[in-house]
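Listed below are the residues making up each chain.
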Amino acid sequence: MVDQRSLDELLPTVADYTLGLDFEEFIQGERPMVLRGLLATDDDEHTAVAERYLDRAVRSQSSRGQLAYGSIDVVPEWDEHRVFRPVPDAGAFGYLVLDVYENGGPEYFLDAARRQFDYFHEGAPRSEAGGLSHHLDGIELWIDAVYMMCPFMARYGQIADRPEALEEAVDQIIVHHDHLVDPKSDLYRHIWRETPDSYPDGSLWLRGNGWMANGILDTLDYVPDDHPERDRLEEMVRDHLHSMADYQDRSGFWHHLVDDDTMYLETSGTLQYGYAFAEAVDRGIVDEAYLEHAERAIGAAKTVVTDDGAVQRNAAMPGGPEAPQAVNLYGQGWFLITGTRLQDSPVDA
């Protein structure tokens, strides 16, 4: 058996490859993940690159309050007919803007976060149940939104002492869960549309499920132990991860559509679950035995990193059942996020 490369060896290689990419060539929604990955490495050069992009996001914030990129039309290169105008994506920039602010960043970063939250809370389109629409045109709830906006709103609420921001974050998790969960499997569908009441994409898409799991976990950082919904949020994660464990392929990957073993094995979502299982074990949400799933996930992801640091076999943005495989910022970013999370753990021993 060939020895696997360690994370100590792989992470600098993946970071170097990532820095050589032109982020402008990628769809806007991918950028927060790679910026979060660069910040996670705690490397001065990587931090400086991420902070430059975040400063641009703040300085080009839209009049509505949307941080840059989140308010720009998205056109997937593999399907030019799928144009959409996302609402929640800018929250993922907001979360990182707050990260920089809390580490000594300028006061105007906090003001930008305030404007972003105020737009979500007061100006963004909503469903009748109060769910923030993923689109400006037509009310739809997408599973991505929980990760993109909820941790940001909860974190902003704590920093700015605005409890309504935390409550908005919790409410959005619950309304998205209630509309998108498949009660038989505790997995999540991709898209629900209000009119007509339907699922334009009811697939159990891997990366979408990863957005939900990690969105709840990151939000829980800011939910007090005595919050009336905390136990329910933990139960959502626990039930979901128990189910996801059963779908992990013997290779360590999960399939691009979780319940369809004819679909390709996908890396970025697998990395998301490497992170999610490790986090849930550390928080006591699932038993320590579930750390095995994180170990198998990062082990699988290591096998598809090229010698020069490209992370292969990721679903192209914006995902969904028809997405082809690609090297993209999701794969690069999630390798850095999960790799740094597991680097000093027994998982990489």
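Residues numbered from 1 in each chain as written. Predicted model: local features only at pLDDT ≥ 70, side-chain atom pairs only at ≥ 80, totals over all residues. Heavy atoms only, no water.

Draft legend 1. Layout of unusual backbone geometry. Residue Pro-196 is reached from Thr-195 by a cis peptide bond, and omega for that bond is -10°. By the secondary structure assignment, Pro-196 is in the loop between strand E4 (191–193) and strand E5 (198–201). The backbone of Asp-42 shows a phi angle near 60°, a positive value even though the residue is not glycine. Structurally, the position occupied by Asp-42 is in the loop between helix H2 (31–40) and helix H3 (44–59). Unusually for a residue other than glycine, Asp-161 sits at a positive phi of about 55°. (Helix = DSSP H or I, 4+ residues; strand = E, 2+ residues; numbered from the N terminus.)

Draft legend 2. Spotlight on the packing of helix H11 (residues 291–302) against helix H12 (residues 329–342). In contact at an axis separation of 11 Å, H11 and H12 are set at 130° when each is read in the N-to-C sense. The angle between the axes of H11 and H12 places the two elements in the oblique class. When the axes of H11 and H12 are compared, the crossing they make is left-handed. Here Ala-294, Ile-298, Ala-301 and Lys-302 of H11 come into contact with H12, specifically with Phe-335, Thr-338, Gly-339 and Leu-342. For the contact of H11 with H12, the class distribution of residues is five nonpolar, two polar and one charged. (Axes fitted to C-alpha atoms, helices over the stretch in contact; angles between N-to-C directions. Parallel < 35°, antiparallel > 145°, perpendicular 65-115°, else oblique. Left-handed = near helix turned anticlockwise from the far one by under 90°. Contact = heavy atoms within 4.5 Å. Nonpolar A, V, L, I, M, F, W, Y, C, P; charged D, E, K, R; others polar.)

Draft legend 3. Representation of the sheet that holds E5 in the model. Taking strand neighbours across the sheet as the criterion, the three strands line up as E1-E4-E5 in an open arrangement whose pairing is antiparallel. The strands lining the two open edges of the sheet, one partner per strand, are strand E1 (140–142) and E5. Neighbour to neighbour, the strand axes of the sheet diverge by 30° on average, direction disregarded. In this structure, E4 lies alongside E5, joined through two bridges in antiparallel fashion. From the neighbouring strand, Arg-193 faces E5, where its bridge partner is Ser-198. (Pairing = 2+ DSSP bridges.)

Draft legend 4. Broad picture of the packing of aromatic side chains. Under the criterion given, the structure shown has 15 aromatic pairs. Between the aromatic rings of Tyr-273 and Phe-277, the centroid separation amounts to 6.4 Å while the plane-to-plane angle is 50°, which identifies the pairing as tilted. Taken together, the residues span about one helical turn, with Tyr-273 and Phe-277 both in helix H10 (residues 267–282) at a distance of four residues. Relative accessible area serves as the criterion here: at 0%, Tyr-273 is assigned to the buried category. An aromatic cluster of at least three residues, connected via ring pairs, comprises Phe-117, Tyr-119, Phe-120, Phe-152 and Tyr-156. (Phe/Tyr/Trp six-rings, centres within 6.5 Å; stacked < 30°, edge-to-face > 60°. Buried < 20%, exposed > 50% of the residue type's maximum accessible area, 1.4 Å probe, protein only.)

Draft legend 5. Here's a closer look at the nonpolar core. Formed by 106 residues in total, the largest nonpolar core has its most connected members in Leu-35, Leu-54, Phe-152, Ile-216, Leu-233, Tyr-273 and Phe-335. Ranked by residues supplied to this core, first place goes to helix H6 (residues 145–160) with 10 residues. When sequence neighbours within four positions are dropped, the list of residues in contact with Tyr-273 reads Leu-206, Asn-209, Gly-210, Ala-213, His-240, Leu-241, Met-244 and Trp-254. (Core = buried A, V, L, I, M, F, W, Y, C linked by side-chain atoms within 4.5 Å.)

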